[in-house]
Amino acid sequence: MVRFFHEWDWKGAEKEFAIALAGKPNYATGHQWYWAYLEAMGRREEALVEILHAKRLDPLSPINSLDVAVHYSLRRDHDRAI
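Residues numbered from 1 in each chain as written. Predicted model: local features only at pLDDT ≥ 70, side-chain atom pairs only at ≥ 80, totals over all residues. Heavy atoms only, no water.

Engineer: For this particular structure, what's the right way to read the overall build of the chain?
Structural biologist: The helix and strand tally for the chain stands at six helices and zero strands. Compactness check: the chain gives a C-alpha radius of gyration of 12 Å against a globular reference of 12 Å for 82 residues, within 12% of the reference. By sequence separation, contacts in the chain at least 24 residues apart represent 38% of the contacts at least 6 residues apart. By element, 60% of the accessible surface of the chain is carried by carbon and sulfur atoms, the whole surface being about 5500 Å². (Helix = DSSP H or I, 4+ residues; strand = E, 2+ residues; numbered from the N terminus. Rg over C-alpha atoms; globule rule 2.2 N^0.38 Å. Contact = heavy atoms within 4.5 Å. Areas by Shrake-Rupley, 256 points an atom, 1.4 Å probe, with all protein chains shown as cover.)

The structure is reproduced here in structure tokens:
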């Protein structure tokens, strides 16, 4: 997250996300953060896969539910967002 949000090191951030998720593949928050990165990079389809995976791992997480809605809202798919 430091490389992504603070250093704007896009390639470095992606490498760090890959390492983190390989080490803890069932860490829902890691997938949620990777979703944010992919959204920012314009990689929408990959982002959707990540946030839905995060939601499956932690279905009661309010932030994961919100981010699924944000994802669809950004695509103007308001019915799905709701």
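Engineer: Got a minute to help me understand the packing of aromatic side chains in this structure?
Structural biologist: Two aromatic rings, taken as a pair, are described by how far apart their centres are and by the angle between their planes. One pass over the full model with this rule turns up four aromatic pairs. Consider the rings of F17 and Y37, whose centres lie 5.6 Å apart with planes at 45 degrees: the pair is tilted. Of this pair, F17 sits in helix α2 (residues 10-23) while Y37 is found in helix α3 (residues 28-40), placing the two residues 20 residues apart along the sequence. Taking the relative accessible area as the measure of exposure, F17 reaches 7% and is therefore buried. Classification of Y37 by relative accessible area gives buried; the value is 2%. For the ring pair Y34 and Y37, a centre distance of 5.9 Å and an interplane angle of 10 degrees mean the geometry is stacked. Linking Y34 with Y37, this pair stays in helix α3, spanning three residues, or about one helical turn. Assigned by exposure class, Y34 and Y37 land together as buried. By way of ring pairs, the aromatic residues F17, Y34 and Y37 are connected into one cluster. The ring of Y27 is capped by K24, whose NZ or CZ atom sits 5.2 Å from the centre of that ring. (Phe/Tyr/Trp six-rings, centres within 6.5 Å; stacked < 30°, edge-to-face > 60°. Buried < 20%, exposed > 50% of the residue type's maximum accessible area, 1.4 Å probe, protein only. Lys NZ or Arg CZ within 6 Å of the ring centre and 35° of its normal.)

Engineer: In this structure, what is going on with the nonpolar core? I would like to understand it.
Structural biologist: Within soluble globular proteins, side chains that are nonpolar generally end up buried alongside one another. Ranked by size, the top nonpolar core spans 15 residues in total, and within it F17, Y34, W35, Y37, L38, I51 and Y72 carry the most contacts. At the level of secondary structure, the elements contributing two or more residues to this core comprise α2, α3, α4 (44-57) and α5 (62-74). Among the elements that take part in this core, α3 stands out by supplying five residues, more than any other. Among residues more than four places away in sequence, those in contact with Y72 are L48, L52, D77, R80 and A81. (Core = buried A, V, L, I, M, F, W, Y, C linked by side-chain atoms within 4.5 Å.)

Engineer: Would you mind going over the pattern of salt bridges with me for this structure?
Structural biologist: Side-chain pairs of opposite charge can arise where the charged atoms are in close proximity. Taken as a whole and assessed by the stated rule, the structure comprises five salt bridges. Between R44 and E39 there is a salt bridge whose closest N-O contact spans 3.2 Å. On the basis of relative accessible area, R44 is assigned to the partly exposed category, the value being 38%. Here E39 falls in the buried class, since its relative accessible area comes to 10%. A salt bridge links R75 to E39; its shortest N-O distance comes to 2.7 Å. A residue pair is termed long-range when its members are at least 10 positions apart, and R75 in the loop between α5 and α6 (78-81) and E39 in helix α3 qualify at 36 residues. Assessed through its relative accessible area of 28%, R75 is described here as partly exposed. In this structure, a network of salt bridges that share partners links the residues E14, R43 and E46. (Salt bridge = Lys/Arg side-chain N within 4 Å of Asp/Glu carboxyl O.)

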